[in-house]
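An overview of the molecular structure
Now for the letters of each chain:
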Amino acid sequence: MTLHHYLVISIVLFTLGIFAVLTRRNAISILMGVELILNSCNLNFVAFSRFVTPPNDISGQMIALFVIVLAAAEAAVFLAIILAIYREFRTISPDETDTLKG
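Scoring rules and cut-offs
- Residues numbered from 1 in each chain as written.
- Predicted model: local features only at pLDDT ≥ 70, side-chain atom pairs only at ≥ 80, totals over all residues.
- Heavy atoms only, no water.
- Helix = DSSP H or I, 4+ residues; strand = E, 2+ residues; numbered from the N terminus.
- Buried < 20%, exposed > 50% of the residue type's maximum accessible area, 1.4 Å probe, protein only.
- Phe/Tyr/Trp six-rings, centres within 6.5 Å; stacked < 30°, edge-to-face > 60°.
- Lys NZ or Arg CZ within 6 Å of the ring centre and 35° of its normal.
- Expected span 1.5 Å × (residues − 1).
- Contact = heavy atoms within 4.5 Å.

**Details of the overall build of the chain**
- Counting its regular elements, the chain contains 3 helices and 0 strands.
- Of the regular secondary structure in the chain, the N- to C-terminal order runs α-α-α.
- Along the first, second and third principal axes, the C-alpha atoms of the chain reach 55 × 25 × 15 Å.
- Scored against the burial criterion, the 102 residues of the chain give a buried share of 20%.

Set out below in structure tokens:
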């Protein structure tokens, strides 16, 4: 497999993630779309690290690991916000939660 194959897969993942974020009405589905976008970026980091940098350079893998840790923290915060919204509005639909009280 060449760099081109990895980039095509990454483009497909990124496109599916953007499609999910823009078309879904459920907050959990939107989070899954964001995770697809982050995974496509991780695939790019690792592929470029493998094919472009010197053989012993692991900077792409380290950046991908950092992005995975950030995605896990983002998912935890997102789920906490979703639980708080559900307690207040009894729904997790982004369209129905348009007002915020202080």
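**Side note on the packing of aromatic side chains**
- One pass over the structure, following the stated rule, counts 1 aromatic pair.
- Look at Tyr6 and Phe51: their rings are 5.8 Å apart centre to centre, the planes differ by 50 degrees, and that puts the pair in the tilted class. Of the two residues, Tyr6 is situated in helix H1 (residues 3-23) and Phe51 in helix H2 (residues 27-51); the sequence distance between them amounts to 45 residues.
- In this structure, Arg50 is placed above the aromatic ring of Phe51, and the distance from its NZ or CZ to the ring centre is 5.2 Å.

**Things to note about helix H3 (residues 59-89)**
- Between its first and last C-alpha atoms H3 spans 44 Å; for 31 residues at 1.5 Å apiece the expected length is 45 Å, and the two agree.
- Taken residue by residue, H3 has Gly60, Ala64, Val67, Ala71, Ala75 and Ile82 as its buried positions.
- On its buried side, H3 packs onto H2.
- Of the residues trailing H3, Arg90 is marked for its positive phi of about 60 degrees.

**Some remarks on the side chain of Ser10**
- Topologically, Ser10 is positioned in helix H1.
- On the accessibility criterion, Ser10 (4% relative accessible area) is buried.
- Residues within four places of Ser10 in sequence aside, it is in contact with Ser40, Leu43 and Asn44.

**A few points about the environment of Tyr86**
- With respect to the element layout, Tyr86 can be found in helix H3.
- Residues Tyr86 and Thr97 lie 11 residues apart in sequence; the distance between their C-alpha atoms is 9.3 Å.
- Among all residues touching Tyr86, those that are not within four sequence positions of it are Thr91 and Ile92.

Read these as spatial facts, not as claims about activity.
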